Amino acid sequence: MPLTLGPLLIDAGIDPARALVIRHAFAQESEESGLTGLHANSTHAEIFEYTRKQSASTRSFPAAPPPIWVVFIKEGGDQARLWSVVENRGETANNGIIRTFEVAETDFMADLRSRLVIGWKSPRTWKMSASTAARYPVVGIADAEPIPFPGFDRLVLSHVELQAVMREHRYASWRTALSSVSGVYLITDTRDGRHYVGKADGEESIRQRWSAYATNGHGGNVELRGLDPSSFRFSLLRVFDPSTPTRDIDIAESHFKDALDSRRHGLNRN
C-alpha cells in the first residue's frame, strides 16, 4: 500500500481533524485579494508573511480556521513540497479585503521541510482540511542535504531553527563549529526587543549552552522562565577559544550587558 500524508501527520503529533493543509502557488499577485504573490526566489520571511494574510472572502478561507496549518509550495502541476507547519493563534485584523492572522512556526515535521513531496489531486484547490489531504500520496522524501555553516558572525536563529540545528543531520557541521568555541551570545525577544546577554565558558561550549535552550527554551535562566521561546532570536556577540580564561569571557559579557543596557531595559538581572 502506498504511503500517504495521513500517517506522517499523525506521527508528527498533528490531529488531521484540527489542521488545515495549504498549497501556495507562484503568482505575481492575487487578483481577488490584492495580495502580493510569491515567486521562485521568495524568502522564508516572505512566504511566512504571505501565509499569515488571507483573503477576507468567506469562500476563499475558513471563517474559523483550525489551529494548525500545514503549508506546501506548488511544484509542477500536481505536486506540492512541504514548506513548514505553523500555529494559528487567531485573527488580528480584517479590513474587509485582507484578514491577518498571528501565526508562529512550529517544530512539527521540521525534519521534512523542503524534503516531503506529495501528489496534489485537485490542482485548482489551494486549501483543504487535513483529513482530506491525509489521503494524498507521498511522491518522495528527499535526502537531507548538508547546509554549510554560515560563520559565527552571520549566525541568527529563531528558536525553531535552533532546535533544528541541534537535532537534524543536515546541520552536523554547525554543531561541530559551535562545539569548538566558548563565548558571549545574545537572545532577543522579538516581541518587545528586550535583550538577554549570556555566556558559555570553562568546559562548556556554545553548542552545549544552546542545546539547553533548544530543549526547554530558557536554559535554566530565571529571567527567561515563563516567556514564550518561539519569539526568541539567538546570535553570537563574540567567540573565544575554549582555553580562554573565564575572567576574559566574564569581562566581555559584562561589556555587552553595558553596551546593550540589558540590565536596566533588558532581561539580565545582574
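Residues numbered from 1 in each chain as written. Predicted model: local features only at pLDDT ≥ 70, side-chain atom pairs only at ≥ 80, totals over all residues. Heavy atoms only, no water.

Digging into the nonpolar core
If you look at the biggest cluster of nonpolar residues, it comprises 23 residues, and the most contacted ones within it are Leu162, Leu178, Tyr185, Ile187, Ile206, Trp210 and Tyr213. Excluding residues within four positions of it along the chain, tryptophan 210 makes contact with Leu155, Leu157, Leu162, Met166, Leu178, Tyr185, Phe234, Ser235 and Leu236. The next biggest cluster of nonpolar side chains, apart from the first, holds 22 residues, and it includes Ile14, Ala19, Val85 and Trp120. (Core = buried A, V, L, I, M, F, W, Y, C linked by side-chain atoms within 4.5 Å. Buried < 20%, exposed > 50% of the residue type's maximum accessible area, 1.4 Å probe, protein only. Contact = heavy atoms within 4.5 Å.)

Description of helix α6 (residues 206-216)
Looking only at α6, the buried set comprises Ile206, Arg209, Trp210, Tyr213 and Ala214. Buried residues of α6, seen end-on, are gathered within an arc of 145° and therefore sit on one face of the element. Where α6 is buried, its residues touch β9 (156-158), α4 (159-167), α5 (172-179), β10 (182-189), β11 (194-200) and β12 (232-240). One or two residues past the end of α6 sits glycine 217, with phi positive at roughly 90°. (Helix = DSSP H or I, 4+ residues; strand = E, 2+ residues; numbered from the N terminus. Arc of directions from axis to C-beta.)

Things to note about α4
An α-helical turn contains 3.6 residues, so a residue and the one three or four places further along point in the same direction. The buried fraction of α4 is high, at 7 of 9 residues. What α4 keeps buried is the set His159, Val160, Leu162, Gln163, Ala164, Val165 and Met166. Those residues of α4 that are buried are in contact with β5 (98-105), β9, α5, α6 and β12.

Considerations on unusual backbone geometry
Although it is not a glycine, methionine 109 adopts a positive phi angle of roughly 60°. Relative to the assigned elements, methionine 109 resides in the loop between β5 and β6 (116-119). Classification of methionine 109 as buried rests on a relative accessible area of 4%. Phi at aspartate 261 takes a positive value of approximately 50°, unusual for a residue other than glycine. Looking at where aspartate 261 falls in the secondary structure, it is placed in the segment after α7 (246-259).

Examining the side chain of arginine 115
Following the sequence through the fold, arginine 115 ends up in the loop between β5 and β6. For arginine 115, which is buried and forms no salt bridge, the nearest opposite charge comes from aspartate 111, at a distance of 5.0 Å. Each residue touching arginine 115, except ones within four places of it in the same chain, is listed here: Arg81, Gly140, Ile141, Ala142, Asp143 and Ala144. (Lys, Arg positive; Asp, Glu negative; His and termini not counted. Salt bridge = Lys/Arg side-chain N within 4 Å of Asp/Glu carboxyl O.)

Some remarks on the sheet that holds β12
If you walk across this open sheet you meet the 4 strands as β9-β12-β10-β11, and the pairing is antiparallel. Edge strands, defined here as strands with exactly one partner in the open sheet, are β9 and β11. Mean inter-strand twist for the sheet, computed between neighbouring axes without regard to direction, equals 25°. (Pairing = 2+ DSSP bridges. Axes fitted to C-alpha atoms, helices over the stretch in contact; angles between N-to-C directions.)

Remarks on the packing of α4 against α6
Close contact between α4 and α6 brings their axes to 9 Å; oriented N to C, the two are set at 120°. Considering the angle they form, α4 stands oblique to α6. When the axes of α4 and α6 are compared, the crossing they make is left-handed. Residues His159, Leu162, Gln163 and Met166 of α4 touch α6, and the partners they reach there are Arg207, Trp210, Ser211, Tyr213 and Ala214. (Parallel < 35°, antiparallel > 145°, perpendicular 65-115°, else oblique. Left-handed = near helix turned anticlockwise from the far one by under 90°.)

Some remarks on the packing of α4 against α5
Look at α4 against α5: their axes get within 7 Å of each other, and the N-to-C directions meet at 90°. Taken together, α4 and α5 sit at an angle that is classed as roughly perpendicular. Here Val165, Met166 and Arg167 of α4 come into contact with α5, specifically with Trp174, Arg175 and Leu178. Residues belonging to the contact of α4 with α5 are distributed by class as follows: 4 nonpolar, no polar and 2 charged. (Nonpolar A, V, L, I, M, F, W, Y, C, P; charged D, E, K, R; others polar.)

Brief notes about the pattern of salt bridges
A pair can form between side chains of opposite charge whenever their charged atoms are brought close. Evaluation of the coordinates by the stated rule reveals 15 salt bridges. The salt bridge partner of aspartate 192 is arginine 194, with a shortest N-O separation of 3.0 Å. Where aspartate 250 meets lysine 199, a salt bridge forms, and the shortest distance between an N and an O atom there is 2.2 Å. Here aspartate 250 is found in helix α7, whereas its partner lysine 199 is found in strand β11, with 51 residues between them in sequence. Residue classification places aspartate 250 among the partly exposed positions, given a relative accessible area of 30%.

Thoughts on the pairing of β10
Along β10, 8 of the 8 residues are buried, which leaves the element largely enclosed by surrounding structure. A two-sided burial pattern is seen for β10, the buried positions comprising Ser182, Val184, Leu186 and Thr188 on one face and Gly183, Tyr185, Ile187 and Asp189 on the other. Judged from the 8 bridges that link them, β10 and β12 form a sheet pairing that is antiparallel. Opposite leucine 186, over in β12, you have serine 235 as the bridge partner. Strand direction decides the pairing type here: β10 and β11, joined by 7 bridges, are antiparallel. Looking across to β11, one finds that valine 184 is bridged to lysine 199. Counting the residues in the hairpin turn of β10 and β11 gives 4 residues, including glycine 193, whose phi is positive at 80°.

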